[in-house]
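# Results of the structural survey
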Amino acid sequence: MDLSVIVPTFNEGPNVAELVRRTTHALLGRTIEVIFVDDSTDDTPDVIRAVAAASDIPVRLIHRDNPVGGLGGAVVEGIRAAESDFCVVMDGDLQHPPEVIADMLARAEVGDADVVVASRYVAGGTSDGLANAVRTAVSRASTLLTKAMFPRKLNNCTDPMTGFFLVDRRTLEIETLQPRGFKILLEILARKQMRVVEVPFSFAPRFAGESKASFSQGMRFLVQLTMLRFGRMSAFAVVGGLGALANLAIMWALQAFGVQYLIAAVIASIVTIVANFIALEYLVFADMRAESGLMRHRFIKSFTFNGVEAIIRIPVIWVLVSQAHMPSVIAAALTLIAAFVVRFVFHALVVYAPKKSRVGKAVRAIEPLEDEVTA
Ligand code: GDD
Ligand code: MN
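Given the structure is predicted, the values throughout are model-derived calculations rather than measurements.

## A look at the nonpolar core
Among the nonpolar cores identified, the biggest contains 54 residues, and Ile79, Val115, Phe165, Val167, Leu189, Met194 and Phe285 are the most heavily contacted of them. Broken down by element, the residue count for this core peaks at 7 residues, all from helix α11 (residues 328-351). The two domains that each donate at least three residues to this core are domain 1 (3-210) and domain 2 (231-374). Those residues in contact with Val167, other than ones at most four positions away along the chain, are Ile79, Asp85, Phe86, Cys87, Asp114, Val115, Leu172 and Met194. Grouped together as the second largest cluster of nonpolar side chains are 34 residues, Leu3, Phe36, Leu105 and Val197 included.

This is the structure we're talking about:
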């Protein structure tokens, strides 16, 4: 068998026949099977059985009475049950065009990759099928945050949030996977360094039925991300928190010696910015220094970021207080939280980016800036 196509389904009855038809047609001449891993609460299993009986290719149904791990759990179960070591995972609503599987399989057969990702964000792909502008923005932002958290493992992946990919099962350590919710590819890529290549695809509108994405799935994703990456980001937070405390202590001490408060604030800020940078160098991003160029370039980027952040954050506080009538402490806290996330993304993706990386877009954007600042 050349390939197993794994399709997680939750109440997707009206899509099943069309999906099997297009998949069969797209992979004529290949030996394939389709495995539906189904957690439906409606008549979808009956529809799948009927389609299987009439199909030219083997169509299997795994119906789970105890649907552990949601979509991700279903995918892992399908991978375990597959006949072939090459497993494609594809949504059951035809937002992932089955015709792209042929490209993915051909790419996998080159033999230099563990995972072939079908990406919306690589040249030639599009995400037009996302329901609306909000989903597009959420998708973009979460992709950026995720890449910031795993700059090395996701270096060659532009779309870690896609649910459309081919994996060579022999390269997986299935027992180590703890799927929760929608983003199983992210977990596969985050657990272990995989060799990733990509093919572009156009994310289509749903063929029939409704999306199961929800706010609670979004929250589950954030928890999953934090769990997978507890290490670096929490270290970053601790360093930042200690820096803020040090800043206050220095200001207090200088004022006790009669220094005027604004001058004290400037001195305290400079000292903490430098100390913070040193802590990032030797604690938080120590393992990424070697590949990310010159220390003084990193320092300039980091220093510039801090300056720009301060310049932006203060007026935002002013707007929140005077226009949105927020208590000033809440406004300051909100901007600090937002600044923390942006600061982490910037440091992971730009300051400590591996040189010559594909994350490179951001790096290439900052390079001319950096030369200017150096000048
Ligand atoms: N077995 C099983 N169990 N399948 C599920 C479950 C579940 O609990 N929840 C959803 N599914 C199935 C759906 O039936 C569909 O086939 C597929 O998983 C994707 O769910 P959708 O409801 O279509 O979600 P989406 O279109 O918002 O999200 C998709 O697009 C994202 C990219 O923006 C998913 O493919 C995500 O994985 C992908 O990242
Ligand atoms: Mn969908």
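Next comes the rest of the write-up.
## Considerations on the coordination of the manganese ion (ligand 2)
Within the protein, the manganese ion (ligand 2) binds to Asp93 (OD) and Gln95 (OE1); these donor distances fall in the range 2.0 Å. The residues Asp93 and Gln95 share a single accessibility class, namely buried.

## Section: the packing of aromatic side chains
Here the structure, examined in full by the defined rule, presents 7 aromatic pairs. For the pair Phe299 and Phe303, a centre-to-centre distance of 5.5 Å together with 40° between the ring planes defines the contact as tilted. On the criterion of helical spacing, the pair formed by Phe299 and Phe303 is a turn pair, its members being 4 residues apart in helix α10 (residues 295-322). Accessibility expressed as a relative area gives 25% for Phe299, which makes it partly exposed. Here a set of aromatic residues connected by ring pairs shows up, and it is made of Phe164, Phe201 and Phe203. The aromatic ring of Phe203 is capped on one face by Arg120, whose charged end is 5.2 Å from the ring centroid.

## Section: the site of ligand 1
Surrounding ligand 1, one finds 27 residues, the nearest of these being Glu12, Asp91, Met161, Lys183 and Lys212. Side-chain polar atom of Asp91 to an oxygen atom of ligand 1: 2.3 Å apart, as the coordinates give it. Side-chain polar atom of Lys183 to an oxygen atom of ligand 1: 2.3 Å apart, as the coordinates give it. In isolation ligand 1 exposes 740 Å². Once the protein is present, 95% of that is buried. Mapped by element, the contributors of at least two residues to the shell around ligand 1 are β1 (3-9) and α3 (70-81). When residues in the shell around ligand 1 are grouped by element, the largest group, 3 residues, is from α3. For the shell around ligand 1, a count of residues per class yields 10 nonpolar, 8 polar and 9 charged.

## Concerning the sheet that holds strand β6 (residues 165-168)
Taken together, the 7 strands give an open sheet; going across it, the order is β3-β2-β1-β4-β6-β5-β7, and neighbouring strands pair in mixed fashion. Single-partner strands in this sheet number two, and they are β3 (59-63) and β7 (196-200). The mean inter-strand angle of the sheet, taken between neighbouring strand axes irrespective of direction, is 20°. Judged from the 7 bridges that link them, β1 and strand β2 (residues 32-38) form a sheet pairing that is parallel. The partner of Val7 across the bridge, within β2, is Phe36.

## Remarks on the domain arrangement of the chain
Under the domain assignment used here, the chain contains domain 1 (3-210) and domain 2 (231-374). Taken over C-alpha atoms, the centre of domain 1 sits 38 Å from the centre of domain 2. Opposite the 9 residues of domain 1 that make contact, domain 2 presents 12 residues. Buried area between domain 1 and domain 2, summed over both chains or domains, comes out near 1,100 Å², and the portion from carbon and sulfur atoms is 65%. Contact with domain 2 buries area across many residues of domain 1, yet Pro151, Arg152 and Asn155 alone supply 45% of it, more than any other trio. At the surface where domain 1 touches domain 2, the tally comes to 0 salt bridges. Counting the contacts that link domain 1 with domain 2 gives 0 residue pairs in polar contact (both at pLDDT 80 or more).

## Examining the pairing of β7
Side-chain positions along a regular strand alternate between the two faces of the sheet. Most of β7 sits inside the fold, with 4 of its 5 residues counted as buried. Relative to β7, strand β5 (residues 115-119) runs parallel, the two being bridged by 5 bridges. Following the sheet pairing, Val117 is matched in β7 by Glu198.

Basis of the calculations
Residues numbered from 1 in each chain as written. Chains lettered and ligands numbered in written order. Predicted model: local features only at pLDDT ≥ 70, side-chain atom pairs only at ≥ 80, totals over all residues. Heavy atoms only, no water. Core = buried A, V, L, I, M, F, W, Y, C linked by side-chain atoms within 4.5 Å. Buried < 20%, exposed > 50% of the residue type's maximum accessible area, 1.4 Å probe, protein only. Helix = DSSP H or I, 4+ residues; strand = E, 2+ residues; numbered from the N terminus. Domains from an automatic or database assignment. Contact = heavy atoms within 4.5 Å. Donors = N, O, S within 2.8 Å, 3.2 Å for Na, K, Ca; no water. Phe/Tyr/Trp six-rings, centres within 6.5 Å; stacked < 30°, edge-to-face > 60°. Lys NZ or Arg CZ within 6 Å of the ring centre and 35° of its normal. Near = heavy atom within 4 Å. Polar contact = N/O pair within 3.5 Å; in protein donor to acceptor, adjacent residues only side chain to side chain. Areas by Shrake-Rupley, 256 points an atom, 1.4 Å probe, with all protein chains shown as cover. Nonpolar A, V, L, I, M, F, W, Y, C, P; charged D, E, K, R; others polar. Pairing = 2+ DSSP bridges. Axes fitted to C-alpha atoms, helices over the stretch in contact; angles between N-to-C directions. Buried area = accessible area lost by both parts, 1.4 Å probe. Salt bridge = Lys/Arg side-chain N within 4 Å of Asp/Glu carboxyl O.

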